[in-house]
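Each chain is listed here by its residues.
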Amino acid sequence: MKLYIETVGCQMNELDSELVVASLRKDGYELTASPHDADTILFNTCSVRQHAEDKVYSALGRIKRLKQRKPELTIGVLGCMAQKDQAGILRRAPHVDVVAGPGQLASVPALLETARREGTPQ
């Protein structure tokens, strides 16, 4: 499985992304530099600045077409934005499979697996 992760926001988000990547590597994921090569795309963002949220919504809009061409692609939004606006993310970007706040980052591998297996947002 190939993973693309984009981190937007504060230094805490950078650390959280590194922890998620380390956890997913244990499950056999390898990083890729391009979302087009990925099986899983994650966005880890902060909700302190509106610019960070806008950037993620813009990216989610761009990868919507990629998900249509590649329905097995798994997309996740992580971090403070995910915790603050879970319903809004799923409403604005229904192609998102996983939404997990900072307290759920350890569960990301299981959430991704469940989303793939059940075909429903987690």
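Given the structure is predicted, the values throughout are model-derived calculations rather than measurements.

Visitor: For this particular structure, what's the right way to read the sheet that holds strand β1 (residues 2-8)?
Guide: Backbone-to-backbone hydrogen bonds join strands into a sheet, with any given pair of strands oriented parallel or antiparallel. Here we have five strands laid out as an open sheet, ordered β2-β1-β3-β4-β5, and parallel in their pairing. If you trace the sheet from one side to the other, it starts and ends with β2 (30-31) and β5 (98-100), each paired once. Bridge analysis of strand β4 (residues 74-79) against β5 gives three bridges, and the strand direction is parallel. Paired with V77 across the strands is V99, a residue of β5. The strands touched by helix α1 (residues 11-26) are β1, β2, β3 (40-45) and β4; relative to β1, the strand with the most contacts, the crossing angle is about 170°. Running at roughly 155° to β5, helix α5 (residues 108-118) makes contact with β3, β4 and β5 of the sheet.

Visitor: Could you clarify how one ought to interpret the side chain of N13 in this entry?
Guide: Along the chain, N13 turns up in helix α1. Overall, the relative accessible area of 3% leaves N13 in the buried class. A polar side-chain atom of N13 sits 3.3 Å from the main-chain carbonyl oxygen of T45. In contact with N13, other than residues within four places in its own chain, are T7, V8, N44, T45 and C46.

Criteria and thresholds
- Residues numbered from 1 in each chain as written.
- Predicted model: local features only at pLDDT ≥ 70, side-chain atom pairs only at ≥ 80, totals over all residues.
- Heavy atoms only, no water.
- Pairing = 2+ DSSP bridges.
- Helix = DSSP H or I, 4+ residues; strand = E, 2+ residues; numbered from the N terminus.
- Contact = heavy atoms within 4.5 Å.
- Axes fitted to C-alpha atoms, helices over the stretch in contact; angles between N-to-C directions.
- Buried < 20%, exposed > 50% of the residue type's maximum accessible area, 1.4 Å probe, protein only.
- Polar contact = N/O pair within 3.5 Å; in protein donor to acceptor, adjacent residues only side chain to side chain.

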